[in-house]
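# Structure assessment
What follows is the residue order along each chain.
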Amino acid sequence: MNRLPVRTIFLLVATSVTLGACSQRLGDFTALSSKNVPLKYETSTVVEGADCRWNILGFPLGFPNLKEATDNAIGSRGNALVNEVTYQTGWSVFFFGQACFKVKGDVVTLK
């Protein structure tokens, strides 16, 4: 029985790791602008929301969702965020870690 040389096995593993990829949907927006837009709204409160997922041995157990983070921030306090800022955070310690999307902004009720 012929055995594959170690070099060939190494090249196969290195190639498969290098060519691996994934794609994910970050979120969807009803309205989005990076410009100052005049809006009429009632009271605003600064809020934060996050959606996080664990990873073990570098493998994610799901992907954080920007829509969930936004929904967590808005809650039942209004219907939109203004002056919103999005953060992507993550940490890992040896074999496990966490990846998150966090949003911070003023929750308002648009008229």
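Notes on the structure in this doc start here.

A few words on the pattern of salt bridges. Using the criterion set out here, one finds two salt bridges in the structure. D51 is paired through a salt bridge with R53; the nearest N and O atoms lie 3.1 Å apart. The buried category is assigned to D51, whose relative accessible area is 8%. For R53, a relative accessible area of 28% gives the class partly exposed.

Taken as a whole, this structure holds one disulfide when the rule is applied. Two residues share a disulfide in this structure: C52 and C100, whose sulfurs sit 2.0 Å from each other. Handedness of the C52-C100 disulfide follows from its S-S torsion of about 115°: it is right-handed. Highlighted residues: C52 in strand β1 (residues 41-56) and C100 in strand β4 (residues 96-110), separated in sequence by 48 residues. You can call C52 partly exposed: its relative accessible area is 26%.

Turning our attention to the environment of G27. Take G27: it is sitting in the loop between α1 (6-19) and β1. Judged by relative accessible area, which is 27%, G27 ranks as partly exposed. Measuring from C-alpha to C-alpha, the distance between G27 and G75 comes to 17 Å, with 48 residues separating the pair along the chain. Discounting residues that sit within four places of it in the chain, G27 has contacts with L66 and K67.

Here we take up the pairing of β1. Pairing between β1 and β4: 14 bridges, direction antiparallel. Paired with D51 across the strands is F101, a residue of β4. Across two bridges, β1 lies against strand β2 (residues 59-60) in antiparallel orientation. Residue pairing across strands places N55 opposite P60, the latter belonging to β2. The antiparallel hairpin formed by β1 and β2 contains two residues in its connecting segment, where L57 sits at a positive phi of about 55°.

Our focus in this paragraph is a nonpolar patch on the surface. Taken together, the side chains of W54, I56, L57, F59, L61, W91, V93, F94, F95 and F96 make up a nonpolar region of the molecular surface, amounting to roughly 1200 Å² of accessible area. Within the secondary structure, F59 is located in strand β2.

In a beta sheet, neighbouring strands pair by backbone hydrogen bonds and run either parallel or antiparallel. If you walk across this open sheet you meet the four strands as β2-β1-β4-β3, and the pairing is antiparallel. Since the sheet does not close on itself, it has two edges, and those belong to β2 and β3 (80-93), each with one partner.

Let us look at the pairing of β4. Taken together, the twelve bridges between β3 and β4 define a ladder with antiparallel strand orientation. Looking at β4, one finds that V93 is bridged to F96. The hairpin formed by β3 and β4 contains two residues between the paired strands, and F94 there has a positive phi angle of roughly 55°.

Criteria and thresholds
Each chain carries its own residue numbering, running from 1 in the written order of its sequence. Two thresholds apply to this predicted model, a pLDDT of at least 70 for residue-level local features and 80 or more for giving and counting side-chain atom pairs, whereas whole-chain, interface and lining totals are computed over all residues. The side-chain figures draw on all heavy atoms in the structure; neither hydrogens nor water molecules are used. The rule for a salt bridge is simple: a side-chain nitrogen of Lys or Arg has to be within 4 Å of a carboxyl oxygen of Asp or Glu. Relative accessibility decides the category of a residue: with a 1.4 Å probe and only protein chains considered, values under 20% of the type maximum give buried, values over 50% give exposed, and everything between is partly exposed. In this description, the term disulfide denotes a pair of cysteine sulfurs within 2.5 Å. Secondary structure elements follow DSSP: runs of H or I of four or more residues count as helices, runs of E of two or more count as strands, with numbering from the N terminus. Note on contacts: a residue pair qualifies if any of its non-hydrogen atoms lie within 4.5 Å across the two residues. Strands pair, by our definition, only if DSSP identifies at least two bridges between them. Exposure above 30% relative accessible area and no salt bridge define the residues that can form patches, which grow by joining like charges within 9 Å and nonpolar side chains of Val, Leu, Ile, Met, Phe, Trp and Tyr within 5 Å. Residue exposure ignores everything except the shown protein chains as possible cover, and the areas themselves are Shrake-Rupley values with a 1.4 Å probe.

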